[in-house]
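Structural description and commentary
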Amino acid sequence: PPSHQQEDKAASMARIYVGNLPLDIRTRDIEDLFWKYGRIRDIDLKSPSRPPAFAFVYFEDIRDAEDAIRGRDGVQFEGARLRVEMSRGSSDAYGGDPRGGGGPPPRRPPPRDLRRSEFRVIVSGLPPS
């Protein structure tokens, strides 16, 4: 069984689903799409025998995952519209326990990141990338 440390680490990460990917996508391509939103802990790429491919991207912070969803959902990528959403079953998305226990897992205050604040910068008028 996983240790409590591993469970805490998994519960603190935010997993997003990235769908409608081309079959020839590489992990590096996904990293290039999402690096600017925050620290990526892991990328789990799934390439089925029939299109489309999909991936799970694990961010260190749920706010980064939410930013990535807002920034990339519906974006055209190699001729297809990306589908980016919070992964079902992600404990961060619903506050529940992924092991199916009763109630939310115990919460510790998140580590303070001095580079973060509740303020955001909104940039408009840029040409489409």
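What counts, and at which threshold
- Residues numbered from 1 in each chain as written.
- Predicted model: local features only at pLDDT ≥ 70, side-chain atom pairs only at ≥ 80, totals over all residues.
- Heavy atoms only, no water.
- 1 Å grid on protein atoms, 1.4 Å probe; cavity = no way out; pocket = protein on both sides within 12 Å on 5 of 7 lines; lining within 4 Å.
- Points joined across faces, edges and corners; volume = space filled by probe spheres on them.
- Nonpolar A, V, L, I, M, F, W, Y, C, P; charged D, E, K, R; others polar.
- Salt bridge = Lys/Arg side-chain N within 4 Å of Asp/Glu carboxyl O.
- Helix = DSSP H or I, 4+ residues; strand = E, 2+ residues; numbered from the N terminus.
- Buried < 20%, exposed > 50% of the residue type's maximum accessible area, 1.4 Å probe, protein only.

**Some points on the layout of surface pockets**
Considered as a void within the structure, the second largest pocket measures approximately 430 Å³ in volume. Lining the second largest pocket we find 13 residues, and of these Lys36, Tyr37, Val121, Val123 and Leu126 sit closest to its centre. Residue composition of the lining of the second largest pocket, grouped by class: seven nonpolar, two polar and four charged.

**What about the pattern of salt bridges?**
For the structure shown, the criterion picks out 10 salt bridges. Linking arginine 28 and glutamate 31 is a salt bridge whose minimum nitrogen-to-oxygen distance equals 3.8 Å. Placement of the pair is arginine 28 and glutamate 31 together in helix α2 (residues 27–34), with a separation of three residues, close to one helical turn. The exposure class of arginine 28 is partly exposed, given its relative accessible area of 48%. The closest approach of N and O atoms between glutamate 60 and arginine 39, which form a salt bridge, is 3.9 Å. Taken together, the positions of glutamate 60 in the loop between β3 (53–59) and α3 (62–72) and arginine 39 in the loop between α2 and β2 (40–46) put the pair 21 residues apart, joining distant regions of the chain. With a relative accessible area of 30%, glutamate 60 lands in the partly exposed category. Judged by its relative accessible area of 49%, arginine 39 is partly exposed. Put simply, Arg28, Glu31 and Asp32 are held in one network by salt bridges that share partners.

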